[in-house]
Amino acid sequence: MISPEKIQRANELIKSSRKTAVFTGAGISVPCGIPPFRGPGGVWNRYDPGLLSIDRFRKSPEESWDAIREIFYPDNMVIKPSRSHEILAQMESKGFISTVITQNIDSLHSKAGSVNVLELHGNSSKAVCLTCTAVMDLTTKLLALRVPRCPHCSTGLLKPSFTFFGEPLDGRTLEDAFHQALQCDLMICIGSTGEVMPAAAVPAATSTSGGKIIEINPIRSNFTSSITDLHLQATSDEVLEVISSLLF
Ligand SMILES: [Zn+2]
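We now turn to the structure provided with this report. (Residues numbered from 1 in each chain as written. Predicted model: local features only at pLDDT ≥ 70, side-chain atom pairs only at ≥ 80, totals over all residues. Heavy atoms only, no water.)

### Notes on the nonpolar core
If you look at soluble globular proteins, the nonpolar side chains tend to sit buried side by side. Counting 27 residues, the largest nonpolar core has W65, I68, F72 and Y73 as its most contacted members. Of all the secondary structure elements, the ones that give two or more residues to this core are α2 (54–59), α3 (61–72), β4 (122–129), α6 (140–143) and β6 (158–162). Beyond its immediate sequence surroundings of up to four residues, W65 is in contact with F57, Y73, L138, L143, R146, V147, P148, L157, L158, K159 and P160. Residues A10, I190, I216 and A234 belong to the second largest nonpolar core, which totals 25 residues. (Core = buried A, V, L, I, M, F, W, Y, C linked by side-chain atoms within 4.5 Å. Buried < 20%, exposed > 50% of the residue type's maximum accessible area, 1.4 Å probe, protein only. Helix = DSSP H or I, 4+ residues; strand = E, 2+ residues; numbered from the N terminus. Contact = heavy atoms within 4.5 Å.)

What follows is the structure, given as structure tokens:
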């Protein structure tokens, strides 16, 4: 249970902010049935993260694709946005937040109706050809192949269009994220452990340039003792429900 004083403080920070951005990590999608990568119950307790390194993927795509399919595309997967995703989309449409910067690859911010979304690590709904660089929807037809091949050049290896270990982030998206981080005077960090670089440097940029950081996270993160000004220690669904009821 969060103290009413902390909620009040968060409300004041949001209302008085000229420009607010949101930064999200795996925690916001846990209620949707998507397991986090790190921490208890995380994907990396069950799978070797090396299977998602770009070098291993190129060398042994069968082995990598078997794991990718199980982790990201299980049969009958229907993933819906959480209450938090929906509230953030409403906050954007009502002018309380300008941009959502996410580490997640599940496209749930866009599905919930957020318009200005920067996906730092790409997303799982598209595929990219490693030979001809064509980008396409990762359809069930393509996923039915053990190793999906490019229908355009017919030989190229297809990779989900999210960032693998050993791959750089999309430069343009990262640049946009830092631009937003430096412009905003409030960043709301939700459900991120703050362990993955360079993504974790984005909220740090807001803090360094004098902006405030509200953190919504049931657990303490790398941000908590370094850049967080106000920690609301509960799930984002709980916190955002209360905050939004005060805002609109
Ligand atoms: Zn191709």
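### A few points about unusual backbone geometry
The omega angle of the peptide bond from M197 to P198 is 5°, so this bond is cis rather than trans. By the element assignment, P198 lies in the loop between β7 (186–190) and α8 (201–208).

### Regarding the sheet that holds strand β2 (residues 99–102)
If you walk across this open sheet you meet the six strands as β3-β2-β1-β7-β8-β9, and the pairing is parallel. The sheet is open, and its two borders are formed by β3 (117–119) and β9 (230–232), each paired with just one other strand. The sheet shows a mean angle of 20° between the axes of neighbouring strands, direction not considered. Bridge count for strand β1 (residues 20–24) against β7 is five bridges, and the pairing is parallel. When the bridges of β7 are listed, T20 appears paired with L186. Against the sheet, helix α9 (residues 236–247) engages β7, β8 (212–216) and β9, with an angle of about 125° to β8. (Pairing = 2+ DSSP bridges. Axes fitted to C-alpha atoms, helices over the stretch in contact; angles between N-to-C directions.)

### Considering the pairing of β8
Working note: regular strand, side chains alternate between the two faces of the sheet. With respect to burial, β8 is a largely interior element, four of its five residues being buried. Bridge analysis of β7 against β8 gives five bridges, and the strand direction is parallel. Across the sheet, I190 pairs through a bridge with I216, a residue of β8. In the classification by handedness, the crossover that spans β7, the intervening α8 and the parallel β8 is right-handed. As paired strands, β8 and β9 are joined by three bridges and run parallel to one another. Across the sheet, E215 pairs through a bridge with H231, a residue of β9. (Right-handed = clockwise from strand over helix to strand, strands pointing away.)

### A word on the environment of K19
Tracing the sequence through the fold places K19 in the loop between α1 (4–16) and β1. Taking the C-alpha atoms as reference points, K19 and F96, separated by 77 residues in sequence, lie 7.8 Å from one another. Ignoring anything within four residues of it in the chain, the contact list for K19 reads S98, Q180, Q183, C184, D185 and L186.

### Quick notes on the coordination of the zinc ion
Donor atoms from the polypeptide that coordinate the zinc ion comprise C129 (SG), C132 (SG), C150 (SG) and C153 (SG), at 2.3 to 2.4 Å from the metal. Around the zinc ion, the four donor atoms sit at angles spanning 107 to 117°, and that spread fits a shape best called tetrahedral. The motif formed by the donor residues of the zinc ion, counted along the single chain, is C-x2-C-x17-C-x2-C. Taken together, the residues span a long stretch of sequence, with C129 in strand β4 and C150 in the loop between α6 and β6 at a distance of 21 residues. Taking relative accessible area as the criterion, C150 reaches 2% and is therefore assigned buried. (Donors = N, O, S within 2.8 Å, 3.2 Å for Na, K, Ca; no water. Tetrahedral: all angles 85-135°; square planar, octahedral: opposite > 155°, others 65-115°.)

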